[in-house]
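Close look at the chain arrangement
If you want the building blocks of each chain, they are given just below.
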Amino acid sequence: MSAALIALGMWVSPLQAQEAAPKALDVLLQTLSHIDNPDTQANILRGMNASLKGKHGLAAPASWDALYEKLKTSPNEEVRHEARALAVTFGGSAAMAEMRKILADDKADPKTREAALESLLAAKDPETLPLLLTLAKSAGPLRAPALRGLAIYEDAQITDVLLGVYQKLDTAEKRDALNTLLARPASARAFLAAIDAKTLARTEITAPAARQLQDLHDSQVDQWLTKNWGAVRTSPADKQAQIAHLKEFVTTGSVSRADVNRGRAIFTQTCAICHTLFGFGAKIGPELPGSFEDINYLLLNIVDPDAIIGKDYQQVLVHTKDGQTLSGIIASDDSSAVTLKSLAGVLTVQRADITSMEVSPHSLMPEGLITSMDEESVRDLFLYLRQRGQVPMLATTVNAADFFNGSDLSWWHVKSGDWKVENGELVGRANEGKTAILASDMLADHFTLTAQIKVSGEEPAAELAFHGLRETPPFKGVSLSFGGATPPNIWRYDLGEKPVDVPGTVALPPNQWTTCRIVSNGRDVAVTLGNQPAFHLIDTPAGRNAFAFYLRGKNAELRVKDVKLEIPEK
């Protein structure tokens, strides 16, 4: 590193101290105006934006306007983006208008749009609200950050929009929407009213949600909790009684007969919002190692999380001037801002926007996580916690929307080939002699799978394995084969040593979208292509089913969109 860059690094550091920021900024910007190397410019701008994260309404130094005119026309995209972000921090109206334009452009790069959104939210730009409401209504990579970003605005439209789309959201998006709704008493009361009206299920109120509701200290919310949820906190004697009761049905013998795939689904809904296990989950609470054998240790820490609270995991409540109550663990704290690790992600709040802060005597992990579960669910969860490695997750009515979120390959594994998400479509590409494989991380019992598919290339061949478990060699399942000039067919891998071809008569038009619908009711499977029944099998193997796409052929491409997995109520 050159002496100049070392000096610049020293100048960036004082930005963390509010009283030193104006002078440090001016000196840094004057130095930056004499640097023409784009990589160096981007590096300095990136450091400045990181130092000023969470701050808004700062007065622009005298040298900024002339420098911004130079930086915003840079041939380097990162320089332009970082300069726009800094201009927004300084309250530049033209820069904010440019950021809003980028955010509204659905053809722009999603990462560029999300970066623009982050800058606008940091500036608390009021004109961004209509764009956020639009993004919250539509599936895509910006829906989740939009749901989180709406928390900084106080507007009745937000509650109406979030409640309107709530049932369409996947698990992570529901969590983001819920955190936004529960950040203010008015929207929290509206959420509870929707539960009373049976628009939303009572199961949406989990133990973490109950803790968030209680932290609002709202009399109407407290009354609802007392009536519909029960005690959010219990006495030491009650906890010991709960532990003794739970021990009766989580013995090693009973747990070993539980459903480990369903256990992962329960962990994802209940525990993964704070804890990581086998590389999956959030990093708010301690990472879990798996292989849990000590039932007493597990029960004590789950039933009585307040028994021992490590200093690094103390919960802090932050009350803001605009009516939010934020809870989390302090990640950083200085004279100008506080950063929290919370259920809504990492939040940075300016001290000027805070009315009060308090350290809670209670763990961020709430009581009641498993006491409201039935015995079967507790056993399933405990069996998953005993695993030494990751297992597939059972698709349920609660998490079926996670099967494909239209934004990324969450819950999918690229086994080989080129797979990605483009404009909400699942896209696979393969070349001659190589098979591209994409496998879902979810299993299903009875299900309905609907999607639009399109195959192109020179003699492409694609398969969708949808019945049987591929991890149990040899594969004893069923797949739908399509692509090329011949009509789709079914491959039966369950009838002998060699796969059996079940020919079809419904042809797929080349390089055109076709709706595929598969309904599996145990051993009975029906496949519809377009609007025409294509296959009906009545003797498929019973049991759980995995999903995987296979693609081969010269310059072959498979596109899949409008994917929907439905799980019937039991």
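In this text the structure is predicted, and so the values were computed from the model without any measurement.

1. Quick notes on the overall build of the chain
In terms of helices and strands, the chain carries 19 helices and 20 strands. For the chain, whose C-alpha radius of gyration is 27 Å, the value lies close to the compact-globule estimate of 25 Å for 570 residues. When the backbone C-alpha atoms are referred to their principal axes, the chain occupies close to 80 × 65 × 45 Å. In the chain, which comprises 570 residues, the proportion classed as buried is 49%.

2. Some words on the sheet that holds strand E4 (residues 325-333)
The strand order across the open sheet formed by 5 strands is E6-E5-E4-E3-E7, and the pairing between neighbours is antiparallel. Each of the sheet's edge strands pairs with one partner strand only, and the pair in question is strand E6 (345-350) and strand E7 (354-363). The mean angle between the axes of side-by-side strands here comes to 45°, regardless of whether they run parallel or antiparallel. Examined bridge by bridge, strand E3 (residues 314-320) and E7 share 6 bridges and lie antiparallel to one another. Bridge pairing links Thr-320 to Ile-354 in E7. Packing against the sheet, helix H13 (residues 207-215) makes contact with E3, E4 and E7, and its axis sits at approximately 45° to E3.

3. Some points on unusual backbone geometry
Its identity is not glycine, yet Lys-198 carries a phi of approximately 65°, on the positive side. Since its relative accessible area comes to 74%, Lys-198 is described here as exposed. Positive phi, close to 50°, is recorded for Asn-555, a residue that is not glycine. Residue Asn-555 is classed as partly exposed on the basis of its relative accessible area of 47%.

4. Re the packing of aromatic side chains
Any pair of aromatic rings gets described here by the distance separating the centres and the angle formed by the planes. All chains considered together, the criterion is met by 11 aromatic pairs. Between Trp-64 and Phe-90, the aromatic rings sit 5.3 Å apart at their centres with planes inclined by 70°, giving edge-to-face as the arrangement. Remark: Phe-90 occurs in the loop between helix H5 (77-89) and helix H6 (93-104) and Trp-64 occurs in helix H4 (residues 64-71); sequence separation between them is 26 residues. Classification of Trp-64 as buried rests on a relative accessible area of 3%. Take Phe-90: its relative accessible area is 9%, and that puts it in the buried class. Both rings, one in Trp-412 and one in Phe-549, keep their centres 6.0 Å apart while their planes meet at 25°; by these two values the pair is stacked. Of the two residues, Trp-412 is situated in strand E9 (residues 412-416) and Phe-549 in strand E20 (residues 545-566); the sequence distance between them amounts to 137 residues. Residue class for Phe-549 comes out buried when judged on its relative accessible area of 7%. The ring of Phe-280 carries the charged tip of Arg-264 above its face, separated from the ring centre by 5.4 Å. Residue placement shows Lys-561 over the ring face of Trp-513; its charged tip is 4.3 Å from the ring centre.

5. Describing the state of the cysteines
Here the structure, examined in full by the defined rule, presents 0 disulfides. Cys-271 takes part in no disulfide bond, and the closest cysteine sulfur, belonging to Cys-274, lies 9.1 Å away. Since its relative accessible area comes to 14%, Cys-271 is described here as buried.

6. Focus: the pattern of salt bridges
Evaluation of the coordinates by the stated rule reveals 30 salt bridges. Notably, a salt bridge pairs Arg-544 with Asp-259, separated by 2.6 Å at the nearest N-O pair. With Arg-544 in the loop between strand E19 (532-537) and E20 and Asp-259 in the loop between helix H16 (252-255) and helix H17 (260-270), the pair connects residues that are 285 residues apart, well separated along the chain. Several salt bridges share partner residues, and in doing so they unite Glu-422, Glu-425, Arg-429, Glu-557 and Arg-559 into one network.

7. Considering the packing of H17 against helix H19 (residues 375-385)
Packing of H17 against H19 brings their axes to within 7 Å, and their N-to-C directions diverge by 95°. Put simply, H17 runs roughly perpendicular to H19. Residues Val-260, Arg-262, Gly-263, Arg-264, Ile-266 and Phe-267 of H17 form the contact with H19, whose participating residues are Glu-376, Ser-377, Asp-380, Leu-381, Leu-383, Tyr-384 and Leu-385. Taken together, the residues of the contact of H17 with H19 break down into 7 nonpolar, 2 polar and 4 charged.

8. Examining the nonpolar core
Core analysis: the largest hydrophobic core is formed by 95 residues, its most contacted members being Phe-191, Ile-370 and Phe-382. Residues within four places of Phe-382 in sequence aside, it is in contact with Val-250, Val-255, Ile-295, Leu-298, Leu-299, Ile-302 and Ile-370. With 46 residues, the next largest nonpolar core counts Met-393, Trp-411, Val-525 and Leu-551 among its residues.

9. Examining helix H10 (residues 156-165)
Among all positions of H10, only Ile-158, Thr-159, Val-161, Leu-162 and Val-165 are buried. On its buried face, H10 is in contact with helix H8 (129-137), helix H9 (143-149), helix H11 (171-181) and helix H12 (185-196). Between the side-chain oxygen of the N-cap and the backbone nitrogen of Gln-157 there are 2.8 Å, and the N-cap of H10 in question is Asp-155.

Rules used in this analysis
The residue numbers shown here count from 1 along each chain, following its written sequence. Reporting of local features is limited, given that this is a predicted model, to residues whose pLDDT is at least 70; pairs of side-chain atoms are given and counted only at 80 or more, and all residues count toward the totals for whole chains, interfaces and linings. No hydrogens and no water enter the side-chain calculation; it runs on all heavy atoms of the structure. Under the scheme used here, helices are H or I runs from DSSP no shorter than 4 residues and strands are E runs no shorter than 2 residues, and both carry numbers assigned from the N terminus. Radius of gyration: C-alpha atoms only; globule rule: 2.2 Å multiplied by the number of residues to the exponent 0.38. Buried means the residue's accessible area, taken with a 1.4 Å probe over protein chains only, is under 20% of the maximum for its type, while exposed means over 50%, and partly exposed covers the values in between. Strands qualify as paired when DSSP identifies two bridges or more between them. Between N-to-C directions, angles cover 0 to 180 degrees, with each direction set by a line fitted to C-alpha atoms, over the stretch in contact for helices. Only heavy atoms enter the contact rule, under which two residues are in contact if any of them lie within 4.5 Å. Centre distance within 6.5 Å is the pairing criterion for rings of Phe, Tyr and Trp, where only the six-membered ring of Trp is used; planes under 30 degrees apart are then read as stacked, over 60 as edge-to-face, and the remainder as tilted. Consider the ring centre and the ring normal. A charge sits over the ring if Lys NZ or Arg CZ is within 6 Å of that centre and within 35 degrees of that normal. In what follows, a disulfide is any cysteine sulfur pair within 2.5 Å. Counted as salt bridges are all cases of a side-chain nitrogen of Lys or Arg within 4 Å of a carboxyl oxygen of Asp or Glu. For classification, angles of less than 35 degrees are called roughly parallel, those exceeding 145 degrees roughly antiparallel, those between 65 and 115 degrees roughly perpendicular, and all remaining angles oblique. Residues are grouped as follows: Ala, Val, Leu, Ile, Met, Phe, Trp, Tyr, Cys and Pro are nonpolar; Asp, Glu, Lys and Arg are charged; all remaining types, including Gly, are polar. In this text, buried Ala, Val, Leu, Ile, Met, Phe, Trp, Tyr and Cys residues form a nonpolar core when linked through side-chain atoms within 4.5 Å. For the purposes of these results, a polar contact is taken to be a pair of N or O atoms within 3.5 Å, where, inside protein, one atom must be able to donate a hydrogen and its partner to accept one; residues adjacent in sequence count only when each atom of the pair is a side-chain atom.

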